[in-house]
Amino acid sequence: QVQLVESGGGLVQPGGSLRLSCAASGSGFGTYTMGWYRQTPGAQRELVAQILSIGETIYADSVKGRFTISRDNAKNTVDLQMNTLKPEDSAVYYCNGKRGWRTYWGQGTQVTVSS
């Protein structure tokens, strides 16, 4: 019974910044691998950034140098700081948590980058 709730999405101009946050319920958050994924209509959901329980991070090539994923295990949260946003970044962003063979998803939050 793990619930992930995203917040922080919205409309932003190209070159702007946005910070997404994901709050997790329950216990054991510090043992999860956490990630942010995004999806546009008709496309497959793709990994944007991932952070392991030990703190190591992975980023998609398209966002390296612009996005930063972080986690606060004391607060059961994972954030995605998005800078220098581009129209190509527009998508529904989903928070994901994994532990063992179990996977949990948030409901998604819309990010639109447009003038």
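The rules we used
Residues numbered from 1 in each chain as written. Predicted model: local features only at pLDDT ≥ 70, side-chain atom pairs only at ≥ 80, totals over all residues. Heavy atoms only, no water. Phe/Tyr/Trp six-rings, centres within 6.5 Å; stacked < 30°, edge-to-face > 60°. Helix = DSSP H or I, 4+ residues; strand = E, 2+ residues; numbered from the N terminus. Buried < 20%, exposed > 50% of the residue type's maximum accessible area, 1.4 Å probe, protein only. Lys NZ or Arg CZ within 6 Å of the ring centre and 35° of its normal. Pairing = 2+ DSSP bridges. Axes fitted to C-alpha atoms, helices over the stretch in contact; angles between N-to-C directions. Disulfide = S-S within 2.5 Å. Polar contact = N/O pair within 3.5 Å; in protein donor to acceptor, adjacent residues only side chain to side chain. Contact = heavy atoms within 4.5 Å.

## Looking at the packing of aromatic side chains
Consideration 1: Counted under the stated rule, the structure contains 4 aromatic pairs.
Consideration 2: Here the aromatic rings of Tyr32 and Tyr104 are separated by 6.2 Å at their centres, their planes lie at 25°, and the arrangement is stacked. Here Tyr32, found in the loop between strand S3 (18–24) and strand S4 (33–39), pairs with Tyr104, found in strand S10 (residues 102–105); they are 72 residues apart in sequence, far enough to count as distant. You'll find Tyr32 and Tyr104 in the same group, each marked buried.
Consideration 3: Members of the aromatic cluster, each reached through a chain of ring pairs, are Phe29, Tyr32 and Tyr104.
Consideration 4: Looking at Arg45, its charged tip hangs above the ring of Tyr94, at a distance of 3.7 Å from the centre.
Consideration 5: Directly above the ring of Trp105 sits Arg45, whose terminal nitrogen or CZ lies 4.6 Å from the centroid.

## Considering the sheet that holds S3
In any sheet, the strands associate via hydrogen bonds between backbone groups, in a parallel or an antiparallel arrangement.
Consideration 1: On the basis of which strands lie adjacent, the open sheet formed by 4 strands has the order S1-S3-S8-S7 and antiparallel pairing. Of all strands in the sheet, those with a lone pairing partner are strand S1 (4–7) and strand S7 (67–72), marking the two edges. Between one strand axis and the next, the sheet turns by 15° as a mean value, whatever way the strands run.
Consideration 2: Taken together, the 6 bridges between S7 and strand S8 (residues 77–82) define a ladder with antiparallel strand orientation.

## What to know about the state of the cysteines
Consideration 1: The final tally for this structure, using the stated rule, is 1 disulfide.
Consideration 2: A sulfur-sulfur distance of 2.1 Å marks the disulfide that ties Cys22 to Cys95. Residues Cys22 and Cys95 are joined by a disulfide whose S-S torsion is about -80°; by sign, that bridge is left-handed. Separated by 73 residues along the polypeptide, Cys22 in strand S3 and Cys95 in strand S9 (residues 91–99) bring together distant segments of the chain.
Consideration 3: Classification of Cys22 by relative accessible area gives buried; the value is 0%.
Consideration 4: In this structure Cys95 comes out as buried when scored by relative accessible area, which is 0%.

## Describing the side chain of Asp79
Consideration 1: Structurally, Asp79 is set in strand S8.
Consideration 2: Reaching out from Asp79, the side chain makes a polar contact with the side chain of Ser21 at a distance of 2.9 Å.
Consideration 3: Not counting residues within four places of it along the chain, the set of residues in contact with Asp79 comprises Arg19, Leu20, Ser21, Cys22, Trp36, Thr68, Ile69 and Ser70.

## Topic: the environment of Leu11
Consideration 1: Topologically, Leu11 is positioned in strand S2 (residues 10–12).
Consideration 2: For Leu11, a relative accessible area of 66% corresponds to the exposed category.
Consideration 3: C-alpha of Leu11 to C-alpha of Ser114: the two residues are 103 residues apart in sequence and 7.2 Å apart in space.
Consideration 4: Setting aside chain neighbours within four positions, we find Leu11 in contact with Thr112 and Ser114.

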